[in-house]
Amino acid sequence: MEHPMRKIIEASYLTAESAPQYRTILRYCYSQHERMRDFITPEEILSYLRSMPSFTLYEEEQLHQQLAQLVKWNNLSARQDMTNAKTIEEYKKKRFRYQPTPYTIEIERMLVELERKVDDTFQGSLEKTQFDRLFTALLKLVQMGEEVSPEEATRIWEDVLQYFKLIRTSTADYIAYINSEKTDQRMQTEAFLVYKNQFTNYLRDFIVSLQKTSLQIIDVLQTLSLAKLQPLFAKLITHRKSAPRLEELVATEEEWRTEYEEYWKTIQRWFIGTTAQKSEFDVLQWQTNEMIRRITRYVQRIGERQLHFKSRKNDYLHLSKWFSRCETLQQAHELSSIVFGAMSVQHLQVDTYTTDNFYVDTWEEQPVYVEIKPRTNRYREKTKASAMRLNTEQKRQQQEAYLAERDKERALLLRYIKEDQIQLSTLNEVEPYIRKLLLSWIAKARASKTNKVKTDYGMTVKVTVLEEWITLHALDGTLQMPDVLFEFEA
């Protein structure tokens, strides 16, 4: 059995050196296949090629070589034609008719669809009727009884898959089109104002239709479990086996049943989701609402840019008429406070943190008291004179504690000195302070030319690093290092 991820040799003609010629031959064979003409003669292909300006010098021998190569790549299947042989030489010379293979038909069909796209953009649409069609097809599954034939059951099942595929692909492509960089740039231009109502109404109608039908679809999907669909799957397998095949079937009935169950689980996950993942239906609703909000923001920004360059002369003339009708100065002040706001506003910045809630009104917050200081260089905060404390007793206690700690460390070190020396290999388990002290002596001695170090206790120590490696055990861990000899001089 071939590996499913094998090398696609059937696509070799797309990148071959003579790709234009190979593609022209196969495109002609594909067009004839669509007209229900499967077997094409080389003479017919040659006549078609020579009718094109770029193939006027095309030779028949070259055609036969390229047809043989396409047969080798499994793009064409050759069938010997012996019906129209008029001479013995013609009979002996193999004459073939060529038929495109299924792989080639699908590749060419895909290329035709790609060529229909004018530019490199997503297409798709948000068709509000597709959800109604899917709901109608799902109702037929619910209402389907035992008397339904396998052919009718297959037709209903294919309708469900087709409508779901249309919903999934068309909505995904349209969302990708809206979120593309080109569309985003066009929405920020003033020309987009002509289409803003059309876009908004299109998205709003889709959301309304989606909300009307989606709950019904979800209810049906929750009702139809895999156990209830087993009779349907049995009829689908029966209809699938009824098509006569000369070759042996590759897949078993159990594999077919698993395939149908996976299709149904995919539909359920798309609309309902799982405990660990949000449904694609909810994501679609969120993205559609987000598109409406984004269009609204763009329209608002464009409007603000236009107002920025718009003359306010007529507005000010209209306001001046209001002020001319004021009988007193107090009325003019009151009108000014409404139209222009307060003339002088003091902004206070406080460090007190209140809330992140965007919808909380100002009067719902707790008041904050701010002490305002004069803005003058001569201002100084009042300070209260205080006496200086010597803290003699506290200093004496700290000094005694420090000296006691030093005496304790010295006594601890003297426990390890035997005959005016310390050798690491003879030690059992040392305290962390002793380990750090000995390592610091080694570091200082290595930096000295005489390998001697003056300790804090007034002693001179000669440090000799030996070749033998040992394990130094301490209360806070072990250390692999060379053996060291510390010799204390008088």
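This write-up is about the structure you can find in this document. Worth saying up front: this structure is predicted, and the values here are computed from it rather than measured.

Each value, and the rule that gives it
Residues numbered from 1 in each chain as written. Predicted model: local features only at pLDDT ≥ 70, side-chain atom pairs only at ≥ 80, totals over all residues. Heavy atoms only, no water. Axes fitted to C-alpha atoms, helices over the stretch in contact; angles between N-to-C directions. Helix = DSSP H or I, 4+ residues; strand = E, 2+ residues; numbered from the N terminus. Parallel < 35°, antiparallel > 145°, perpendicular 65-115°, else oblique. Contact = heavy atoms within 4.5 Å. Nonpolar A, V, L, I, M, F, W, Y, C, P; charged D, E, K, R; others polar. Buried < 20%, exposed > 50% of the residue type's maximum accessible area, 1.4 Å probe, protein only. Phe/Tyr/Trp six-rings, centres within 6.5 Å; stacked < 30°, edge-to-face > 60°. Lys NZ or Arg CZ within 6 Å of the ring centre and 35° of its normal. Expected span 1.5 Å × (residues − 1). Arc of directions from axis to C-beta. Left-handed = near helix turned anticlockwise from the far one by under 90°. Patch = residues over 30% accessible without salt bridge, like charges linked within 9 Å, V, L, I, M, F, W, Y side chains within 5 Å. Areas by Shrake-Rupley, 256 points an atom, 1.4 Å probe, with all protein chains shown as cover. Salt bridge = Lys/Arg side-chain N within 4 Å of Asp/Glu carboxyl O. Lys, Arg positive; Asp, Glu negative; His and termini not counted. Charge placed at Lys NZ, Arg CZ, Asp CG, Glu CD. Core = buried A, V, L, I, M, F, W, Y, C linked by side-chain atoms within 4.5 Å. Pairing = 2+ DSSP bridges.

### Describing the packing of helix α1 (residues 19–34) against helix α3 (residues 60–72)
As a packed pair, α1 and α3 sit with axes 11 Å apart at the nearest point and diverge in direction by 75°. When the axis of α1 is compared with that of α3, the two are roughly perpendicular. On α3, the residues that touch Gln21, Tyr22, Ile25 and Leu26 of α1 are Gln62, Leu63, Gln66, Leu67, Gln69 and Leu70. Looking at the contact of α1 with α3 residue by residue, the classes come out as 6 nonpolar, 4 polar and no charged.

### Notes on the side chain of Thr24
Its location among the elements puts Thr24 in helix α1. The buried category is assigned to Thr24, whose relative accessible area is 16%. If sequence neighbours within four positions are ignored, Thr24 has contacts with Tyr48, Leu49, Met52 and Phe55.

### Considerations on the packing of aromatic side chains
Evaluated as defined, the whole model comprises 14 aromatic pairs. An angle of 65° between the planes, with centres 6.1 Å apart, marks the rings of Trp441 and Phe486 as edge-to-face. Here Trp441 is found in helix α16 (residues 432–446), whereas its partner Phe486 is found in strand β7 (residues 477–489), with 45 residues between them in sequence. Exposure class is identical for Trp441 and Phe486. Each is buried. Among the aromatic residues, ring-to-ring pairing joins Trp157, Phe233, Tyr260 and Trp264 into one connected group. Directly above the aromatic system of Phe39 lies the positively charged group of Arg79, at a separation of 5.1 Å from the ring centroid.

### Points about α3
For an α-helix, the turn length of 3.6 residues means that residues three or four places apart are oriented alike. Between its first and last C-alpha, α3 extends 19 Å over 13 residues, near the 18 Å set by a 1.5 Å rise per residue. For α3, the set of buried residues is Leu63, Gln66, Leu67 and Leu70. Around the axis of α3, the buried residues are gathered within 105° of arc, so they sit on the same side. Facing away from the buried side of α3 by over 90 degrees, the exposed positions are Glu61, Gln65 and Lys72.

### A few points about the packing of helix α10 (residues 230–242) against helix α11 (residues 253–271)
The N-to-C vectors of α10 and α11 enclose an angle of 125°; their axes lie 10 Å apart at closest approach. In terms of axis orientation, α10 runs oblique to α11. Remark: the crossing between α10 and α11 carries right-handed chirality. On α11, the residues that touch Gln230, Phe233, Ala234, Leu236, Ile237, Arg240 and Lys241 of α10 are Glu253, Trp256, Arg257, Glu259, Tyr260 and Glu261. When grouped by side-chain class, the residues that make up the contact of α10 with α11 number 6 nonpolar, 1 polar and 6 charged.

### Focus on a negative patch on the surface
On the surface, Glu43, Glu59, Glu60 and Glu61 cluster together to form a negatively charged patch. Position of Glu60 relative to the elements: it lies in helix α3. Given the relative accessible area of 38%, Glu60 is considered partly exposed.

### Points about unusual backbone geometry
Among all residues save glycine, negative phi is the norm, and among peptide bonds the norm is trans. One non-glycine residue with positive phi stands out, namely Glu419, at about 55°. Of note, Glu419 is situated in the loop between α15 (392–414) and β3 (421–423). Residue classification places Glu419 among the exposed residues on the basis of a relative accessible area of 75%. Look at Asn451: it is not a glycine, yet its phi comes out positive at around 60°.

### Things to note about a nonpolar patch on the surface
A cluster of nonpolar side chains, namely Tyr316, Phe340 and Met343, defines an oily patch on the protein surface of about 380 Å² accessible area. With respect to the element layout, Tyr316 can be found in helix α13 (residues 313–324). When its relative accessible area of 47% is taken as the criterion, Tyr316 is described as partly exposed.

### Some thoughts on the environment of Thr136
Mapped onto the secondary structure, Thr136 falls in helix α6 (residues 129–143). For Thr136, a relative accessible area of 41% puts it in the partly exposed group. With 24 residues separating them in the primary sequence, Thr136 and Val160 have C-alpha atoms 8.9 Å apart.

### As for the environment of Leu76
One can find Leu76 in strand β1 (residues 76–80). Overall, the relative accessible area of 2% leaves Leu76 in the buried class.

### Observations regarding the nonpolar core
One finds Leu138, Leu141, Leu232, Trp264 and Phe271 to be the most contacted residues of the largest nonpolar core, which totals 41 residues. At the level of elements, α6, α7 (150–178), α9 (196–223), α10, α11 and α12 (280–308) are the ones that each hand at least two residues to this core. Counting residues per element, this core draws most heavily on α7, which supplies 9 residues. Not counting residues up to four positions away in its chain, the partners in contact with Phe271 are Phe131, Leu134, Phe164, Ile217, Ile218, Leu221, Ser279 and Phe281. Core analysis: the second largest hydrophobic core is formed by 26 residues, Leu424, Leu427, Leu437 and Trp441 among them.

### Some details on the pairing of β7
Taken together, the 3 bridges between β3 and β7 define a ladder with antiparallel strand orientation. Bridging across to β7, Gln423 finds its partner in Leu485. Hairpin connection of strand β6 (residues 460–474) to β7: 2 residues between the antiparallel strands.

### Things to note about the pattern of salt bridges
As enumerated under the stated definition, the model contains 12 salt bridges in all. When the shortest N-O distance is used, the salt bridge between Arg396 and Glu400 registers 2.5 Å. One end of the pair is Arg396 and the other is Glu400, both in helix α15 and 4 residues apart, which spans about a single turn. Several salt bridges converge on common partners, so that one network encompasses Glu34, Glu106 and Arg109.

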